[in-house]
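As a plain string of letters, each chain reads:
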Amino acid sequence: MIVFPDGFFWGTATSAYQIEGAWNEDGKGPSIWDVFSHTPGKILDGSTGDIACDHYHRYREDVDLMARLGLNAYRFSVSWPRVLPEGRGTLNAPGLDFYDRLVDALCERRIEPFVTLYHWDLPQSLQEQGGWESRDTALAFADYVSVVAQRLGDRVRHWITLNEPLAVVLAGYVLGIHPPAKQDLRAAVQVSHHLNVGHGLAVRALRALCPSSKVGITHVSLPVYPASDSPEDRAAAERWDCLVNRWFWEPSLKGWYPKEGWDMLGAFLPELAAEDENLLHAPIDFFGHNSYTRAVVRSDQSVPVVGAVQVPQVGRPHTGMGWEVYPDHLYDSLLRITRDYRPRAIFITENGAAYPDEVHAGRVADPQRIDYVREHLVRAGRAVAAGVPLQGYFCWSLLDNFEWTFGYTQRFGIVYVDFASQQRIVKDSGYFYSKVAASNGLEETTGA
Ligand code: GCO
């Protein structure tokens, strides 16, 4: 039996744009995702987040569901343009009231709120003024964080400034598949820097307004393994890891960029303001770790900057997203983060899998997702036994939801959502997870 530490948080995670709907209700302003999803051809199934899971209207039912499953934590994000429709300036009181009611509903049921302040839905009006390419966006972010903290800070004890800066930069500015859909490495690096400035300013604001709460950031971890033992492939894996992981983690964990990354990005380095070095030194209380899969890479000097390519793992199991299932990555990365950075605490802020679920006679049997979650929890438990300061696990996701450019084609929930009727059905994985939470652990049935 693997037993997790006392007081361990068992939760689920969601984000505002993916579940709330009510995209233009009660004074909310448009976000870059509203504009992007309304642009024909951008979303696989032509859908939008206009309604999504209608959580804005059904949050009580959803919180009751968490309570019924016996979960003691919930990670959600606040929509910046719901609170400040223009990104700065005039407050939209009904928008802030929604989060106030949500936090109250959670607290009434003894579910600990973990609040993410930026999960990609930038106010469109800030995008029109340069978005994260402009340093002003980082300043506006800190002001918005202060507004939220002033209202919710008496009840919220865990704040997450940003969700996955890597994804913002890679999908938004390198691959060009998320808004603002650019392919511009110079802009990408500048944006990565301004996100760090925004994080640093937000940490300061939260420390000042909520001195007893804990502040962290959520990064995705994509553990990198060399395709062979050759020195070339091992060096390629180091470079990949540096640009995809360390470049994003180290500003928040060490206060500055890794030197190897700085050297590799030589031609694209960001413009810095005089106080930035100081601003990036903003120690965090916990590291939020999103973790789904790994990357296997080999050397390929024809690829600019990184000089490496990913090698598909043909013949291995993959989820509906096409992501390889390789649970050991979680153990490896938790140990590595602990060894290299000594964070005070770690939360797995996302882990989960999409599979094509179906309802049969009112039941959703999803044995693959149960396996996925179980195998990852076993690795998490082993990491705790090896000394990793892990204090919570958040399954992505509570509900099937709007999976960004994949629209509603990918179901990540432990609760099934019938998007036509908005009916929720707890999947078998939801009942499995509920048992894990109730026993604060699980049987180690895996031999792997
Ligand atoms: C991310 C985001 C989530 C996704 C989830 C599945 O990690 O990309 O935080 O919003 O929906 O990861 O792709």
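Our structure's up above, just so we're on the same page.
Residues numbered from 1 in each chain as written. Predicted model: local features only at pLDDT ≥ 70, side-chain atom pairs only at ≥ 80, totals over all residues. Heavy atoms only, no water.

### Notes on the site of the ligand
Then step 1. Neighbouring the ligand are 13 residues, the closest being Gln18, Glu164, Tyr292, Glu350 and Glu403.
Then step 2. Here an oxygen atom of the ligand and a side-chain polar atom of Glu403 are 2.6 Å apart.
Then step 3. Between Trp404 and the ligand, the recorded distance is 2.9 Å, taken from a side-chain N or O atom to an oxygen atom.
Then step 4. Computed on the free molecule, the ligand has an accessible area of 310 Å², of which 94% lies beneath the protein chains in the complex.
Then step 5. Of the residues belonging to the shell around the ligand, the class tally is 6 nonpolar, 4 polar and 3 charged. (Near = heavy atom within 4 Å. Polar contact = N/O pair within 3.5 Å; in protein donor to acceptor, adjacent residues only side chain to side chain. Areas by Shrake-Rupley, 256 points an atom, 1.4 Å probe, with all protein chains shown as cover. Nonpolar A, V, L, I, M, F, W, Y, C, P; charged D, E, K, R; others polar.)

### A word on a nonpolar patch on the surface
Then step 1. A grouping of Leu170, Leu175 and Ile177 is seen on the molecular surface, where their side chains present a nonpolar patch of about 240 Å² in accessible area.
Then step 2. With respect to the helices, strands and loops of the structure, Ile177 is situated in the loop between helix 8 (165-174) and helix 9 (185-209).
Then step 3. The partly exposed category is assigned to Ile177, whose relative accessible area is 43%. (Patch = residues over 30% accessible without salt bridge, like charges linked within 9 Å, V, L, I, M, F, W, Y side chains within 5 Å. Salt bridge = Lys/Arg side-chain N within 4 Å of Asp/Glu carboxyl O. Helix = DSSP H or I, 4+ residues; strand = E, 2+ residues; numbered from the N terminus. Buried < 20%, exposed > 50% of the residue type's maximum accessible area, 1.4 Å probe, protein only.)

### Topic: the packing of aromatic side chains
Aromatic ring pairs: the centre-centre distance and the angle between the two ring planes describe each pair.
Then step 1. In total, this model carries 44 aromatic pairs according to the counting rule given.
Then step 2. Taking 5.6 Å as the distance between ring centres and 25 degrees as the angle between the ring planes, the aromatic pair formed by Tyr74 and Phe76 counts as stacked. As far as burial versus exposure is concerned, Tyr74 and Phe76 are alike and both buried.
Then step 3. Aromatic pair Phe98 and Tyr99: ring centres 4.9 Å apart, planes at 70 degrees, arrangement edge-to-face.
Then step 4. Overall, the relative accessible area of 0% leaves Phe98 in the buried class.
Then step 5. Classification of Tyr99 by relative accessible area gives buried; the value is 0%.
Then step 6. One aromatic cluster is present, formed by Tyr17, Trp33, Phe36, Trp120, Phe402, Trp404, Tyr408 and Phe419 through successive ring pairs. (Phe/Tyr/Trp six-rings, centres within 6.5 Å; stacked < 30°, edge-to-face > 60°.)

### With respect to the packing of helix 8 against helix 9
When two helices pack together, you describe them by how their axes are tilted relative to each other and by the distance separating the axes.
Then step 1. In the contact formed by helix 8 and helix 9, the axes pass within 9 Å of each other and the chain directions differ by 155 degrees. With respect to each other, helix 8 and helix 9 are oriented roughly antiparallel. Between helix 8 and helix 9 lies a crossing whose hand is right-handed. Between helix 8 and helix 9, the contacting residues are Pro165, Val168, Val169, Tyr173 and Val174 on the first element and Leu185, Ala187, Ala188, Val191, Ser192 and Leu195 on the second.
Then step 2. Looking at the contact of helix 8 with helix 9 residue by residue, the class counts come to 10 nonpolar, 1 polar and no charged. (Axes fitted to C-alpha atoms, helices over the stretch in contact; angles between N-to-C directions. Parallel < 35°, antiparallel > 145°, perpendicular 65-115°, else oblique. Left-handed = near helix turned anticlockwise from the far one by under 90°. Contact = heavy atoms within 4.5 Å.)

### Let's talk about the side chain of Arg424
Then step 1. Tracing the sequence through the fold places Arg424 in strand 14 (residues 423-426).
Then step 2. Within the local environment of Arg424, its side chain forms a polar contact with the backbone oxygen of Cys53, the two atoms lying 2.7 Å apart.
Then step 3. In terms of polar contacts, Arg424 uses its side chain to reach the side chain of Asp62, at 2.8 Å.
Then step 4. Here Arg424 is in contact with Cys53, His55, Arg58, Glu61, Asp62, Leu65, Leu399, Val415, Tyr416 and Val417, once residues within four sequence places are set aside.

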